Amino acid sequence: MNHYEQYANVTFEQQGQETYVTAAHADLELHGIGRSAAVFRIKDTRLVIKVFFPDYTHIAAEEAVIYRTLEGLPQFPRLYEAGVNYIVIDYIEGKTLFECLTEGIWIDASYIQQVDAALIAARSLGLTPSDVHLRNLILTPEGRIYLIDLARFRQGQHVDHQWEDLKRMYRFYRLRFMPKRYSERLLNGVAYLYRTFVNDPRH
Ligand SMILES: Nc1ncnc2c1ncn2[C@@H]1O[C@H](COP(=O)(O)OP(=O)(O)O)[C@@H](O)[C@H]1O
Ligand SMILES: [Mg+2]
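Residues numbered from 1 in each chain as written. Chains lettered and ligands numbered in written order. Predicted model: local features only at pLDDT ≥ 70, side-chain atom pairs only at ≥ 80, totals over all residues.

You'll find the protein entered in an unreviewed UniProt entry as Protein kinase domain-containing protein, with Exiguobacterium chiriqhucha RW-2 given as the organism.

**Some thoughts on the site of ligand 1**
Close contacts around ligand 1 come from 21 residues, with Gly32, Gly34, Val39, Ile92 and Asp149 the closest. Of all the secondary structure elements, the ones that give two or more residues to the shell around ligand 1 are strand E3 (28-33), strand E4 (37-42), strand E5 (47-52) and strand E7 (86-90). When residues in the shell around ligand 1 are grouped by element, the largest group, three residues, is from E3. Looking at side-chain class alone, the shell around ligand 1 contains 10 nonpolar, six polar and five charged residues. Viewed by domain, the shell around ligand 1 spans two of them, domain 1 (9-90) and domain 2 (95-187), each represented by three or more residues. (Near = placed C-beta within 6 Å. Helix = DSSP H or I, 4+ residues; strand = E, 2+ residues; numbered from the N terminus. Nonpolar A, V, L, I, M, F, W, Y, C, P; charged D, E, K, R; others polar. Domains from an automatic or database assignment.)

**Overview of unusual backbone geometry**
The phi dihedral of Asp44 is positive, around 60°, even though this residue is not glycine. Checked against the element boundaries, Asp44 lands in the loop between E4 and E5. The exposed category is assigned to Asp44, around which 7 C-beta atoms lie within 10 Å. (Buried ≥ 20, exposed ≤ 12 C-beta atoms within 10 Å, placed from the backbone.)

**Observations concerning the nonpolar core**
Generally speaking, soluble globular proteins have nonpolar side chains that are buried together. Counting residues in hydrophobic clusters, the biggest one holds 42 residues, and the most contacted among them are Ile49, Val51, Tyr86, Ile87 and Leu147. Elements represented by at least two residues in this core include exactly E4, E5, helix H1 (58-69), E7, helix H2 (97-103), helix H3 (109-124), strand E9 (137-139) and strand E10 (145-147). Both domains that furnish three or more residues to this core are identified here as domain 1 (9-90) and domain 2 (95-187). Those residues in contact with Ile49, other than ones at most four positions away along the chain, are Tyr4, Tyr7, Ala8, Leu28, Phe40, Ile42, Tyr86 and Val88. (Core = buried A, V, L, I, M, F, W, Y, C linked by C-beta atoms within 7 Å. Contact = placed C-beta atoms within 7 Å.)

**Brief notes about the environment of Val48**
Inspection of the secondary structure puts Val48 in strand E5. A residue is classified by how many C-beta atoms lie within 10 Å of it, and Val48, with 23 of them, is buried. Sequence separation between Val48 and Leu28 is 20 residues, and the spatial gap between their C-alpha atoms is 8.7 Å. The contacts of Val48, once residues within four sequence positions are left out, are His31, Val39, Phe40, Arg41, Ile42, Ile89 and Tyr91.

**As for the sheet that holds E4**
Hydrogen bonds between backbone atoms are what pair the strands of a sheet, whose relative direction is either parallel or antiparallel. Pairing is antiparallel in the open sheet, where five strands are placed in the order E3-E4-E5-E7-E6. Both edges of this open sheet fall to E3 and strand E6 (79-83), since each of them pairs with a single strand only. Here the average twist between neighbouring strands, direction ignored, is 25°. Pairing geometry for E6 and E7, over four bridges, is antiparallel. By the bridge assignment for E7, Leu79 is matched with Ile89. (Pairing = 2+ DSSP bridges. Axes fitted to C-alpha atoms, helices over the stretch in contact; angles between N-to-C directions.)

**Describing the domain arrangement of the protein**
Domain parsing of the protein yields domain 1 (9-90) and domain 2 (95-187). Taking only C-alpha atoms into account, the centre of domain 1 sits 20 Å from that of domain 2. Contact with domain 1, which involves 12 residues of that partner, is made by 15 residues of domain 2. Its residues assigned to classes, the side of domain 1 that touches domain 2 comprises seven nonpolar, three polar and two charged.

**A few points about the pairing of E4**
Strand direction decides the pairing type here: E3 and E4, joined by five bridges, are antiparallel. For Glu29, the partnering residue across the bridge sits in E4 and is Arg41. Hairpin connection from E3 to E4: three residues lie between these consecutive antiparallel strands. The pairing of E4 with E5 spans five bridges and is antiparallel. Counterpart to Arg41 in the pairing with E5 is Val48. Between the end of E4 and the start of E5, which pair antiparallel, lie four residues, with Asp44 showing a positive phi angle near 60°.

As structure tokens, this is what we get:
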């Protein structure tokens with residue numbers, strides 16, 4: 001039964017590179033927006049619905065397959081429903097590692113290890129993890145890490161090195177004299193340069 005389909009009727013408006021939500025069901029609260037979708041909390045639940053922008057709806061089915069493959073692993077939200085332009089998954093309370101860096105929240109080595117363990121588990125299930133970056137990693141108040149935005153875990157696709165590159169930068173971050181807080185503008189600037197010259201996740 002498609003219990004949540006009523007919520008997938010979201011309208012968007014594109015302005016240049018940015019996409020904005022123009023209308024959504026009253027039970028939804030916009031929680032995050034990425035490059036392919038908007039993520040809303042669903043009132044009175046512990047769930048979010050990820051509604052894909054019109055040019056990206058095909059990703060819904062692809063991401064649903066990945067969630068089903070990873071079902072039961074502790075570092076991934078659970079999938080509840082998928083439709084032509086949406087998926088419904090667990091709401092993960094916490095902050096993305098991107099937010100941690102802008103707010104000066106310490107990123108512990110144990111978080112890095114949790115991501116590595118999740119990637120090993122995903123690979124052992126035949127997936128090829130990719131697009132693992134600061135905005136796709138959520139730290140919970142209990143110190144657990146969740147990986148989200150999994151469409152680019154599918155088999156046999158081009159593998160990027162973002163996570164390996166981030167780990168290289170983490171070695172500098174840990175040095176005592178390095179700042180532990182960075183402005184959003186600086187991080188977005190670095191991410192832009194990285195996408196443009198090293199690794200464009202849209203390709
Ligand atoms: N299950 C979730 N729980 C909490 N926040 C989430 C969840 N899924 C996504 N988000 C938030 O929404 C943002 C966009 O979601 P994401 O799946 O990364 O979309 P995109 O594919 O467009 O990058 C994330 O960076 C995160 O802040
Ligand atoms: Mg994302």
